[in-house]
Amino acid sequence: MDRMRRASLIWISVILAISLPAFQSFSGTVPASQADGGLSRVLQYIHSDWDLLTRSMTRCESIVDPKVPEAALLYLPANFPEPDSVKQLERSCKVRVAHLPLVIEHAGEPGVEAISPQGLLFLPNSYVVPGGRFNEMYGWDSYFIILGLVRDRRIDLARGMVENFFFELEHYGTVLNANRTYYLTRSQPPFLTSMIMAIYSAGRAEGKEDRQWLARAYSFASHDYEMWMRDPHLAGPTGLSRYYDFGNGPAPESLQDESGLRRKVIAYFLLHPELDRTYVVAKGSASAEEAIGPAYTVEVCDVAGTMAARPGCDTPGTVQLSADYYRGDRSMRESGFDISFRFEPYGAATHHFAPVCLNSLLYKTEKDLEEISRLLGKNAESAQWKQRAEERKQRINKYLWDDERGLFVDYDLRTGTKSTYRYVTTFYPLWAGLASPQQAQAVARNVKLFDEPGGLVTSGTNSGAQWDYPYGWAPLESLAVDGLRRYGYAVDADRISYNFLSTVAENFRREGTIREKYDVVTRSSEAHVSAGYQANVVGFGWTNGVFLELLQQLPKEMVDRLAREQDAAPAHQ
């Protein structure tokens, strides 16, 4: 934790201790007995962290992008009047403000890749970012952040974030990966209707049911859904959907964050020629016209027999990565699982798969839209959404259910075969409610394939990538636990929740922070990632949200046990 952040937390702690009854904002989250016990420090951290992670277009520090070298630049939508708050920002922060050079109606609108220099995209409302290194609002991160905000009764902030997504749909063509110009070519996993239902349900629980807002939300959510139902997001003849980035070449945000990645990719495929599906292209070869991006030198040298021997080497050759590789790499980033070997090494074939996660989310979207249209009295539309959901369920059962293994899997569009890569997204259909009781039972029997001391591991493959073994991620723990609970497997759900919560709490005791990801095999926050972001970012928005969500669902005796463990161990100083 950096000095400024630590000082901020200490100051907030002092204010809370002096001016507020202990954790009054958590009265709906955990019983007071636990809030006053060993969990109090971690709950206080989460409560204060929402403000530390909140960004706004009215604050100077929210505009910069530490991941790109360009000076701070804020873009407004084309033909959008400059708000007074932005004019003030321009004056007081010396931030450059410009309008986008084109009107954007769809994701990947022609011309968006040519926007230069890169900059932040305006959003009208405050929002919570994942962690301290980020200043933009992310797509699927925000769902789990919103769950935490709702638990912590920060509903106005949560609702403002959903309104920001409506703004993105209206002015930037889709729910963006995040609000930066270099994300205008892709979206992220579609959780929008789940966010809408979380906000609507929270309001209804407080006697503030807002049908007018729900009708507005329905219009935007229907528009968001349509993107996934058109080419190029359709997964061939399956009738399912796939991830697909409209951009070309290296993803701009990866150029600084993932130094050396493309060199590793080339080395890997050269050493595994049986896996190379024309991802590496030699300069001067017949397929060289398919190459794109930076070039790399390759030479073959003798192995030196002694320390003094000088190995002989051939004349260096030049290779590049193909356009198909970069399409897969970019599409992997739309999936949110960057980086994993799930869709071939380094995610190179992501756009060649119909993934179980995306299609489960779209089924959930269809069921949510069925419910929303019913609440709005649109019975004919509700019946249409119900039919769409049923058709998707049938296709998922045909292409994505492996009856022999008892797992939901991904489908390779090129080979027409089901993937054998074991991945924790097998629990998504349970979370979405599309699995049959028999399928849910089979998946529950296979919990052991992912079960580790610190929670569920993401995959069974130790690839060195951050979205593979041995790492566990809060959103995947949450979806799996909710899915198991939905089908009556509470014992498994409680055990997984407890293991993950205790891992987060144990590392918090040592470090005083909550992290982006955890090694669930060793129950550690240490991350030795060779493919993906090297840092294990402090914050952390979705871990905070999932901590509150899992804690609320855990039986009282297990919450008490967590609290006792926190009291028994020395606190972080």
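Nothing here was measured: the structure is a model prediction, and the numbers come from that model.

Caption draft 1: Up close: the overall build of the protein. Counting its secondary structure elements, the protein contains 19 helices and 17 strands. In the protein, buried positions account for 59% of the 573 residues. For the protein, the proportion of contacts with a sequence separation of at least 24, taken over those separated by at least 6, is 72%.

Caption draft 2: Fine view of the packing of aromatic side chains. In the structure shown here, the tally under the stated rule is 43 aromatic pairs. Aromatic pair Phe80 and Phe122: ring centres 5.9 Å apart, planes at 40°, arrangement tilted. Here Phe122 lies in the loop between β4 (120–121) and β5 (127–128) and Phe80 lies in the loop between β2 (73–76) and α4 (84–93), a separation of 42 residues in the sequence. Here Phe80 matches Phe122 in class, with each residue buried. For the pair Trp401 and Phe408, a centre-to-centre distance of 4.6 Å together with 55° between the ring planes defines the contact as tilted.

Caption draft 3: Representation of the state of the cysteines within the structure. Enumeration according to the criterion identifies 2 disulfides in this entry. The side chain of Cys60 participates in a disulfide bridge whose partner is Cys93; the two sulfur atoms lie 1.7 Å from each other. Between Cys60 and Cys93, the S-S torsion sits near -70°, and that sign places the bridge as left-handed. Of the two residues, Cys60 sits in the loop between β1 (54–55) and β2 while Cys93 sits in helix α4, which places them 33 residues apart along the sequence. Given a relative accessible area of 35%, Cys60 falls into the partly exposed group. For Cys93, a relative accessible area of 18% translates into the label buried. Sequence-ordered numbering of the disulfide-bonded cysteines in the protein gives the connectivity 1-2, 3-4.

Caption draft 4: Representation of the pairing of strand β3 (residues 96–99). Bridge count between β2 and β3: 4 bridges; the pairing is parallel. Of the residues in β3, the one forming a bridge with Leu74 is Val97. Since β2 and β3 lie parallel, the crossover through α4 that links them has a hand, and here it is right-handed.

Caption draft 5: How the structure looks around the environment of Val95. Structurally, Val95 can be placed in the loop between α4 and β3. Classification of Val95 by relative accessible area gives buried; the value is 6%. For the pair Val95 and Ile63, spaced 32 residues apart in the sequence, the C-alpha separation amounts to 7.9 Å.

What counts and how
- Residues numbered from 1 in each chain as written.
- Predicted model: local features only at pLDDT ≥ 70, side-chain atom pairs only at ≥ 80, totals over all residues.
- Heavy atoms only, no water.
- Helix = DSSP H or I, 4+ residues; strand = E, 2+ residues; numbered from the N terminus.
- Buried < 20%, exposed > 50% of the residue type's maximum accessible area, 1.4 Å probe, protein only.
- Contact = heavy atoms within 4.5 Å.
- Phe/Tyr/Trp six-rings, centres within 6.5 Å; stacked < 30°, edge-to-face > 60°.
- Disulfide = S-S within 2.5 Å.
- Pairing = 2+ DSSP bridges.
- Right-handed = clockwise from strand over helix to strand, strands pointing away.

Purely spatial values, then, with no claim about function.
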